[in-house]
Amino acid sequence: MSRFFTAPSSAHLNRRGFLAATGALTLATTLSACGGDDTSGGTSAKPVGQADIDKAMKTPTELTFWTWVPNIDKEVALFEAKYPAIKIKVVNAGQGTPQYTKLRTALKAGSGAPDMVQIEYQAIPTFTITNSLLDLRPYGASALKSTFVDWTWSQVSGSKGEVWAIPQDTGPMGMLYRQDIFDEHGIDVPKTWDEFAAAARKLHKADPDVYLTNLAANQAAAWHGLLWQANAKPYLMSGKSDITISVDDTISRMVGEYWGTLAKEGVIGVEPDFTDSWYAGLNKGKYATWLTAAWGPVFLSGSAKSTAGKWRAAPLPQWDAAKPSSGNWGGSTTAVIRSTKNPVAAAMFAQFLNTDPASAKMFATEQFFFPATKALLADATFVGQESPFYGGQKVNQVFADIGPTVNTTFQWPPFLDQAATDWTETVGKSLADKSDTVRALGTWQSRLTTYAKKQGFTVYTT
């Protein structure tokens, strides 16, 4: 069986919502503690000279790296082989939220924080707002911009050009679908959301036990990905204390009305995902598509083995077929903690881990991460793999082609945990209850606005 991507670090990070949910933050205290507008991360804009880099990389040093990536010792060994004076202590401090909670505790205590840390794209603002991450520009990171898919570089970049982390893997969204069910009911692969809605009604009318898809009422991550695809701008930060919250604007209402209508009509499923019932539904043909990310194909092949050979992959249906667009769901980076006593070695590790060709390819072939580097996404040995589970289709190529259509301007708030919780209790609940999703968007907007103001933010709306 050919091997292609799923992301244990990213896929599994978001299976039950945002594992990037960052726990409770007393942001009012955080904002006042930050003071001023110091976005430098404690580093000078002056580049570190090559002589200083060479010296640091030959000086015996031990660095601590927090990550939940399985078997990452293999990639670390490549770095240690190139720089034998540097030893990396790998620590699994928890996956997503548990790690972030421990990290904040260590940062607050002023001791116990790692030198480098795995951090998801959506969690970066939570740590930049507290000046916890090192700006990697002085260590040559800016030169890596063209190495990575454009939208990933936007996700790790600050408003003043800072480079807060190095991209590791991604989750551009697409659609996995049951070719056999489509053929049985004469359904063409929908190219637009209008075609998707028509297919959902047609399929469920023909077979009330089958739904075109399931939009999980507990999955804020997928909803954000769909907003992203629609070119929504739910959160826009300006400085450290100003934020525009727009989860109830025109685009958000378009998305909300679309999915809320299908949920009310009962032609799509809305059950929680990654549950026994949901897995059973995929195996029994209850759902004819899964709107997922690039980590989804291998995940599905392991979770719905009885359906092998029946699935195919395609881009998401489009709001405007003339302007292909997608969102992202999942993905991680490597960041350096500002308090490290060895910033040069730590920064060089973060860069090597994710740009060295052998290391990057190992992530794709050992951990099955979907790549963030343009070179690997153009590598015929990667994109050309054929998967029997998908009828021999080159699924990596499908998602590699989707990646460049992910909008580069999407931003995350520094209180994503609250946004996810409030979404589940408002918009998600409206889907589950088959009530007014557009009205629920207004409630979500109100709750988030109130929360942000209480935490010391100046909030704007559109």
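Predicted model only: the values in this text are computed from it and were never measured. Here the residue numbering is sequential within each chain, running from 1 through the sequence in written order. Residues qualify for local features only when their pLDDT is at least 70, as the model is predicted, and side-chain atom pairs are given and counted only at 80 or more; totals for whole chains, interfaces and linings, by contrast, use all residues. With hydrogens and water set aside, each side-chain value is computed from the structure's full complement of heavy atoms.

1. Some thoughts on the packing of aromatic side chains
Ring pairs are drawn from Phe, Tyr and Trp, using the six-membered ring of Trp, whenever the two centres fall within 6.5 Å, and their geometry is named by plane angle: stacked under 30 degrees, edge-to-face over 60, tilted for the rest. If you walk through the whole model with that rule in mind, you get 40 aromatic pairs. Taking 5.7 Å as the distance between ring centres and 65 degrees as the angle between the ring planes, the aromatic pair formed by Phe 415 and Tyr 451 counts as edge-to-face. One end of the pair, Phe 415, is in the loop between helix H17 (395-402) and helix H18 (416-433); the other, Tyr 451, is in helix H19 (residues 437-454), and 36 residues separate them in sequence. Cluster of aromatic residues (ring-pair linked, three or more members): Phe 274, Trp 278, Tyr 279, Trp 290, Trp 295, Phe 299 and Trp 329. Secondary structure elements follow DSSP: runs of H or I of four or more residues count as helices, runs of E of two or more count as strands, with numbering from the N terminus.

2. With respect to empty space enclosed by the protein
Lining residues are those with an atom within 4 Å of a point, where the points come from a 1 Å grid over the protein atoms alone and group into cavities, where a 1.4 Å probe fits but cannot get out, or pockets, open sets with protein on both sides within 12 Å along at least five of seven lines. Grid points are joined across faces, edges and corners, and a volume is the space filled by probe spheres set on the points. One pass over the structure, following the stated rule, counts 3 cavities of 30 Å³ or more. In this structure, the largest cavity is lined by Met 173, Asn 214, Leu 215, Ala 216, Gln 219, Ala 222, Leu 226, Asp 273, Trp 278, Trp 290, Leu 291 and Trp 329. Those elements that place two or more of their residues in the lining of the largest cavity are helix H9 (220-229) and strand S8 (289-293). Taken as a whole, the second largest cavity spans an internal volume of roughly 60 Å³.

3. Here's the deal with the environment of Ala 419
Structurally, the position occupied by Ala 419 is in helix H18. In this structure, the C-alpha to C-alpha distance between Ala 419 and Leu 448, residues 29 residues apart in sequence, is 6.5 Å. Any two residues whose heavy atoms approach within 4.5 Å are treated as being in contact. Not counting residues up to four positions away in its chain, the partners in contact with Ala 419 are Tyr 235, Trp 444 and Leu 448.

4. Here's the deal with the side chain of Gln 318
Residue placement: Gln 318 occurs in the loop between strand S9 (311-315) and strand S10 (332-336). Judged by relative accessible area, Gln 318 falls into the buried class, the value being 9%. Discounting chain neighbours no more than four positions away, the residues touching Gln 318 are Lys 191, Thr 192, Trp 193, Gln 229, Lys 323, Pro 324 and Ser 325. Only protein chains enter the accessibility calculation, which uses a 1.4 Å probe; a residue is then buried when its area is under 20% of its type maximum, exposed when over 50%, and partly exposed in between.

5. Here we look at the sheet that holds strand S4 (residues 166-167)
Pairing in this open sheet of 5 strands is mixed, and the strands run S2-S1-S3-S10-S4 from one edge to the other. With partners counted over all chains shown, the strands left at the sheet margins are strand S2 (86-91) and S4, one partner each. At least two DSSP bridges between two strands are needed for those strands to be called paired. When S4 meets S10, the two strands line up antiparallel, connected through 2 bridges. Bridged to Ile 166 within S10 is Thr 334.

6. Overview of helix H12 (residues 296-303)
Most of H12 sits out of view: 6 of its 8 residues are buried. Those residues of H12 lying buried are Gly 296, Pro 297, Val 298, Phe 299, Leu 300 and Ser 301. The elements touched by buried residues of H12 are strand S5 (173-178), helix H11 (276-284), S8, S9 and H17.

7. A few points about helix H4 (residues 97-109)
A helix's residues, less one, multiplied by 1.5 Å, set its expected span. Its 13 residues place the ends of H4 18 Å apart at the C-alpha level, agreeing with the 18 Å of an ideal helix rising 1.5 Å per residue. Every buried residue of H4 is accounted for by Gln 99, Tyr 100, Leu 103, Arg 104 and Ala 106. Summarising the axial view, the buried residues of H4 lie within an arc of 165 degrees, below the 170-degree limit, and thus occupy one face. Set apart from the buried face of H4 by more than 90 degrees, the exposed residues are Thr 105, Lys 108 and Ala 109. Structurally, H4 contributes buried residues whose contacts are with strand S1 (61-66), strand S3 (116-120) and helix H5 (124-128). Gly 110 lies just past H4 and shows a positive phi near 80 degrees. When we speak of the arc, we mean the arc of directions from the helix axis to the C-beta atoms.

8. Description of unusual backbone geometry
Most peptide bonds take the trans configuration, and most residues that are not glycine carry a negative phi. Phi at Phe 274 is positive, roughly 55 degrees, even though this residue is not glycine. Within the element layout of this structure, Phe 274 appears in the loop between helix H10 (250-265) and H11.

9. A few points about the pattern of salt bridges
Any carboxyl oxygen of Asp or Glu within 4 Å of a side-chain nitrogen of Lys or Arg constitutes a salt bridge here. With the rule as written, the count across this model stands at 11 salt bridges. For Arg 137, the salt bridge identified is with Asp 135, shortest N-O distance 2.6 Å. With relative accessibility at 29%, the residue Arg 137 sits in the partly exposed group. Among the ionic pairs, Lys 361 bridges to Asp 379, the shortest N-O distance being 3.4 Å. Residue Lys 361 is located in helix H14 (residues 357-366), and its partner Asp 379 is located in the loop between helix H15 (374-377) and helix H16 (380-383); the two are separated by 18 residues in the primary sequence. The partly exposed category is assigned to Lys 361, whose relative accessible area is 33%. Each member of the salt-bridge network shares a partner with another, and the members are Asp 422, Glu 425 and Arg 447.

10. So, the pairing of S8
Of all 5 residues making up S8, 5 are buried, and the element is well covered by its neighbours. In S8, alternate side chains face the same way, and those of Thr 289, Leu 291 and Ala 293 on one face and Trp 290 and Thr 292 on the other are all buried. Alignment of S5 against S8, held across 5 bridges, turns out to be antiparallel. The residue of S8 that forms the bridge with Tyr 177 is Thr 289.

11. A word on the layout of surface pockets
Reported here for the largest pocket is a volume of approximately 550 Å³. Gly is put with the polar residues, along with every residue not named as nonpolar or charged; the nonpolar set is Ala, Val, Leu, Ile, Met, Phe, Trp, Tyr, Cys and Pro, and the charged set is Asp, Glu, Lys and Arg. Of the residues assigned to the lining of the largest pocket, the class counts are 10 nonpolar, 13 polar and 2 charged.

12. Points about the confidence of the model for the protein
The pLDDT score gives, residue by residue, the confidence of the prediction method on a 0 to 100 scale. Residues of the protein with pLDDT of at least 70 account for 90%, and the chain-wide mean is 91. Below pLDDT 50 for its whole length, residues 1-30 participates in 132 contacts with residues either more than four positions away or in separate chains.

13. Things to note about the pairing of strand S6 (residues 235-238)
Bridge count between S6 and strand S7 (residues 242-245): 4 bridges; the pairing is antiparallel. Paired with Ser 238 across the two strands is Asp 242, which belongs to S7. Taking the residues that link successive antiparallel strands as the turn, the S6-S7 hairpin has 3 residues, and the phi of Gly 239 there is positive, at about 70 degrees.

14. Comments concerning the packing of H11 against H12
Where H11 contacts H12, the two axes come as close as 10 Å, and the packing angle between them is 85 degrees. The orientation of H11 with respect to H12, classified from their angle, is roughly perpendicular. Facing Trp 278, Tyr 279, Leu 282 and Asn 283 of H11, the residues of H12 in contact are Phe 299, Leu 300 and Ser 303. Each residue belonging to the contact of H11 with H12 can be placed in one class, and the counts come to 5 nonpolar, 2 polar and no charged. In this analysis an axis means a line fitted to C-alpha atoms, helices contributing only their contacting stretch, and an angle means the value between N-to-C directions, from 0 to 180 degrees. Orientation is classified from the angle alone, with under 35 degrees giving roughly parallel, over 145 giving roughly antiparallel, 65 to 115 giving roughly perpendicular, and any other angle giving oblique.

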